[in-house]
Every structure is written in structure tokens, then in C-alpha cells.
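# Coordinates in review
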Amino acid sequence: RMVDRASIAIRDRAAGTVRRNRLEKNSGHGILLCGSARPCVEHNEICGQETAAIFIQDGSAATVRWNVLQGGRCDILLCGAARPLIDSNTTIHGDKAMVVRG
């Protein structure tokens, strides 16, 4: 897992809200959501990530909304059995808006 390469990581059965953060040019993921985490990720600005701005994997059922994702390699990456609600995010000049891997 890539927990050590994320600016913010919510994992296992954690919940809560990640709101109004500015993450810029991290060499890893901006926000990593894994395990059965179910946070609400909203109103964040994530710019220039070398990997995914928001990476959702395993069985995470996060709500990801109202974020601005700009200029990264991949804005949102979904893997495994992730089942998030993704709504009303803005992507600007990213290489890939969303990638889904089974």
C-alpha cells in the first residue's frame, strides 16, 4: 500500500471529514482512502500531484465532492472493490480525469 506516500491517508474503518485543504506538488498521492474507510472528502484543492490526486481502493465507500483537482497525472483513481460516491468535482488540465481498475 501507498500510505507512506500520501499527504492525507484515511484507512481501515475510519470516517470523518477532510475539508478545505490545499495540497500541492506532492510526490505521492494527495488523499488516499483505503480499507473500509468512509470519509467525506470535500472542498479541497489538489494541484500538480505526481500520482493520483485522490486514490480510492479496497472497499472504501467515501463521498468525494466539490473538490478542485488541477494539473496532475491522474485526478481520481479507483481500484479494487472501492464504491465511492463521486459528485460535482472540477478537474483542470490533468492528464486523466478518472481511472478505474478492477
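On a predicted model such as this, the values are computed, not experimentally measured, just so you know.

Rules behind the numbers
Numbers given to residues run from 1 along each chain, matching the order in which its sequence is written. Totals for whole chains, interfaces and linings use every residue, but because this is a predicted model, local features are given only for residues with pLDDT of at least 70 and side-chain atom pairs only at 80 or more, for both listing and counting. Working from all heavy atoms in the structure, the side-chain values ignore hydrogens and water. A run of H or I in DSSP becomes a helix once it reaches four residues, and a run of E becomes a strand once it reaches two; helices and strands are each numbered from the N terminus. Each residue is assigned to one of three classes by its accessible area relative to the maximum for its type, calculated with a 1.4 Å probe on protein chains only: buried under 20%, partly exposed between the two thresholds, exposed over 50%. Here a polar contact means two N or O atoms within 3.5 Å. Within protein one must be a hydrogen donor candidate and the other an acceptor candidate, and residues neighboring in sequence count only if both atoms are side-chain atoms. Here the rule is simple: two strands pair whenever DSSP picks up at least two bridges between them. Between the N-to-C directions of two axes lies an angle of 0 to 180 degrees, each axis being a line fitted to C-alpha atoms and, for a helix, fitted only over the stretch in contact.

## Remarks on the environment of Ala 62
Tracing the backbone shows Ala 62 in the loop between β7 (52–56) and β8 (63–65). Expressed as a C-alpha distance, the spacing of Ala 62 and Gly 35, which sit 27 residues apart in the sequence, is 11 Å.

## A closer look at the side chain of His 29
Checked against the element boundaries, His 29 lands in strand β4 (residues 29–33). For His 29, a relative accessible area of 5% corresponds to the buried category. Within the structure, the side chain of His 29 is placed 3.4 Å from the backbone nitrogen of Ala 52, a separation counted as a polar contact.

## Quick look at the sheet that holds strand β5 (residues 40–42)
Taken together, four strands build an open sheet; the order of strands is β2-β5-β8-β11 and the sheet is parallel. Each edge of the open sheet is held by one strand with a lone partner, namely β2 (17–19) and β11 (85–87). Averaged over all adjacent pairs, the angle separating strand axes in this sheet is 5°, with direction ignored. Inspection of the sheet shows β8 paired to β11 by three bridges, in the parallel sense. Looking across to β11, one finds that Thr 63 is bridged to Leu 85.

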